[in-house]
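Remarks on the overall topology
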Amino acid sequence: MPPRDFYEILGVPRTAGPEEIQRAYRKLARTYHPDVNKDPGAEDLFKEVSEAYDVLSDPDTRRRYDAFGPNFRQVPEGVDPETWAASQRAGPSRQRAGSGAGAGRRAGPGGFTWTTGGGDDDDFFSGFGDVDIDDLLGGFFGRGAGDARRGPVRGADTTAELPITVEAAFTGTRRRITLSGSDGERSLEVTVPAGVVDGQRIRLAGQGGPGEGGGPAGDIYLTVRIQPHPRYRLDGRTITVDLPVTPWEAALGAKIPVESPGGEHKVTVPPGSSSGRRLRLKGQGLPNPRGAPGDLYAEVNIMVPKRLSDGERELFEQLGRVSDFDPRRHR
């Protein structure tokens, strides 16, 4: 029988997130733990559940499992998933071709056999570079159902959201958070690096749920949530800020100060600028620890006085008489 799918064991879809996987594991672990459930098959089910959770709760291991299937542990690091799939499809035909002269057969557990020394049969693993076939398959057959997890069980991962301001995302900060769990409340000091973006996760290794049987604790994953700001709008590392200008500054051009999370900058408003025009300040957006920083955009917003003085009214009336500009016609 082929090994059961780990998603099927936990009863979750392949799109399940860490929290859904953790909830499913906890429920099944409580149901089948040998100290609680004395049914003869409960221990084997508990081992299956523990192994499934151990694989799917680790992002890197889960990616390998999704790419290579139940035999992912036997696939060397760096193997391309498409190369592996092609080799798997080619395997049966090459085994049949190896039954001629010079081919030998090796027997494995459960009656599984493979051929060696018969022409194309040696090419079966050619897609995997310098791999010792005996070691590779020996490792596969050494992990049978009787060797399922019996020892320590890794603790569950925990997820939480971490709300921060735009300014904190720009400069970095330290935050003290309080988490509630089965063992009570805990306070932790968290370092938020400069340049985090909304949705980015911060990992606190070993701060998650306690392990069982001497197993290591899980991790805490904090998802950064940058809160709405009255002045700044974020899109990834790009920051947009409104730039209020007077009608004459927009018409004649001007140098105007603009505030950003990193301080004040001067921006040049070209003559004839209309509301909505975006002026770019390169590299003044959110910093990027691994590359180029984002940009800051100042968006022109033409403002007029709510109440006009007599002199202002006279000048605007004079402008209306001498100007033939019609914005509805010149769009």
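Residues numbered from 1 in each chain as written. Predicted model: local features only at pLDDT ≥ 70, side-chain atom pairs only at ≥ 80, totals over all residues. Heavy atoms only, no water.

A few words on the packing of aromatic side chains. For any pair of aromatic rings, the description consists of the separation of the ring centres together with the inter-plane angle of the planes. Going through the model one piece at a time under the given rule, you end up with four aromatic pairs. With a centroid separation of 4.7 Å and an interplanar angle of 25°, the aromatic rings of Phe-6 and Tyr-65 are classed as stacked. Taken together, the positions of Phe-6 in helix H1 (residues 6-10) and Tyr-65 in helix H4 (residues 59-68) put the pair 59 residues apart, joining distant regions of the chain. Considered together, Phe-6 and Tyr-65 belong to a single accessibility category, that of buried residues. The rings of Phe-6, Tyr-7, Tyr-65 and Phe-72 are connected pair by pair, giving a single aromatic cluster. In this arrangement the basic side chain of Arg-201 is found over the ring face of Tyr-221, its NZ or CZ atom lying 4.1 Å from the centre. Cation over ring: Arg-278 sits above Tyr-297, and NZ or CZ is 4.2 Å from the ring centre. (Phe/Tyr/Trp six-rings, centres within 6.5 Å; stacked < 30°, edge-to-face > 60°. Helix = DSSP H or I, 4+ residues; strand = E, 2+ residues; numbered from the N terminus. Buried < 20%, exposed > 50% of the residue type's maximum accessible area, 1.4 Å probe, protein only. Lys NZ or Arg CZ within 6 Å of the ring centre and 35° of its normal.)

On the surface, a nonpolar cluster with roughly 610 Å² of combined accessible area is contributed by Trp-248, Leu-252, Leu-308, Phe-316, Leu-319 and Val-322. The set of elements that each furnish at least two residues to the nonpolar patch consists of helix H8 (247-252) and helix H9 (310-322). For the nonpolar patch, the element with the highest residue contribution is H9, accounting for three residues. Along the polypeptide, Phe-316 turns up in helix H9. Residue class for Phe-316 comes out partly exposed when judged on its relative accessible area of 32%. (Patch = residues over 30% accessible without salt bridge, like charges linked within 9 Å, V, L, I, M, F, W, Y side chains within 5 Å. Areas by Shrake-Rupley, 256 points an atom, 1.4 Å probe, with all protein chains shown as cover. Salt bridge = Lys/Arg side-chain N within 4 Å of Asp/Glu carboxyl O.)

At a closest axis distance of 9 Å, the pairing of helix H2 (residues 18-32) and helix H3 (residues 42-56) adopts a crossing angle of 160°. When the axes of H2 and H3 are compared, the pair comes out roughly antiparallel. Helix-helix and strand crossings are classified by hand; for H2 and H3 the assignment is left-handed. Packed against H2, whose contacting residues are Ile-21, Gln-22, Tyr-25, Leu-28, Ala-29 and Tyr-32, the element H3 presents Ala-42, Glu-43, Leu-45, Phe-46, Val-49, Ser-50, Tyr-53 and Leu-56 at the interface. (Axes fitted to C-alpha atoms, helices over the stretch in contact; angles between N-to-C directions. Parallel < 35°, antiparallel > 145°, perpendicular 65-115°, else oblique. Left-handed = near helix turned anticlockwise from the far one by under 90°. Contact = heavy atoms within 4.5 Å.)

The next point concerns the nonpolar core. Taken as a class, soluble globular proteins show a tendency for nonpolar side chains to be buried jointly. Grouped together as the largest cluster of nonpolar side chains are 36 residues, with contacts concentrated most on Leu-162, Ile-164, Leu-222 and Leu-243. Setting aside its immediate chain neighbours within four residues, Leu-162 contacts Arg-175, Ile-177, Val-190, Val-192, Ile-202, Leu-222, Thr-223, Val-224 and Arg-225. (Core = buried A, V, L, I, M, F, W, Y, C linked by side-chain atoms within 4.5 Å.)

Turning to the sheet that holds strand E3 (residues 158-164), a few remarks are in order. Sheet architecture is open: three strands sit in the order E3-E7-E6, paired in mixed fashion. The open sheet has two free edges, formed respectively by E3 and strand E6 (201-204), since each of these has just one partner strand. On average, each strand axis in the sheet is inclined to that of its neighbour by 30°, with strand direction left out of account. (Pairing = 2+ DSSP bridges.)

This next bit is on the layout of surface pockets. Taken as a whole, the second largest pocket spans an internal volume of roughly 680 Å³. Of all the elements in the fold, those that place two or more residues in the lining of the second largest pocket are H8 and H9. Of the residues contributing to the lining of the second largest pocket, the split by class is 11 nonpolar, six polar and one charged. (1 Å grid on protein atoms, 1.4 Å probe; cavity = no way out; pocket = protein on both sides within 12 Å on 5 of 7 lines; lining within 4 Å. Points joined across faces, edges and corners; volume = space filled by probe spheres on them. Nonpolar A, V, L, I, M, F, W, Y, C, P; charged D, E, K, R; others polar.)

Let us now look at the sheet that holds strand E9 (residues 238-245). On the basis of which strands lie adjacent, the open sheet formed by four strands has the order E8-E9-E13-E12 and mixed pairing. Lying at the two open borders of the sheet, with one neighbouring strand each, are strand E8 (232-235) and strand E12 (278-281). Averaged over all neighbouring strand pairs, the angle between strand axes comes to 30°, with direction disregarded. For E12 and strand E13 (residues 296-302), the ladder comprises four bridges, and the chain directions are antiparallel.

Take the pattern of salt bridges next. Within the structure shown, the criterion is met by 19 salt bridges. A salt bridge links Arg-14 to Asp-66, with the shortest nitrogen-to-oxygen separation between them at 3.5 Å. Of this pair, Arg-14 sits in the loop between H1 and H2 while Asp-66 is found in helix H4, placing the two residues 52 residues apart along the sequence. By relative accessible area, Asp-66 is classed as partly exposed at 39%. Residues joined in a network through salt bridges with shared partners are Arg-154, Asp-157, Arg-203 and Asp-219.

As a further point, take the confidence of the model for the chain. With 76% of its residues at a pLDDT of 70 or more, the chain shows a mean pLDDT of 78. Ignoring residues within four places in sequence, the model shows residues 93-150, a span with pLDDT below 50, making 74 contacts including any to other chains. (pLDDT = per-residue confidence, 0-100.)

The next point concerns the environment of Val-166. Residue position: Val-166 is located in helix H7 (residues 166-171). Separated by 62 residues in sequence, Val-166 and Pro-228 have C-alpha atoms that sit 8.0 Å apart. Apart from the residues lying within four places of it in its own chain, the contact partners of Val-166 are Ile-226, Gln-227, His-229, Tyr-232, Leu-234, Pro-261 and Leu-286.

Now for the side chain of Arg-64. The residue Arg-64 is located in helix H4 in this model. Residue class for Arg-64 comes out buried when judged on its relative accessible area of 17%. Within polar-contact distance, the side chain of Arg-64 engages the backbone oxygen of Phe-72 at 2.9 Å. (Polar contact = N/O pair within 3.5 Å; in protein donor to acceptor, adjacent residues only side chain to side chain.)

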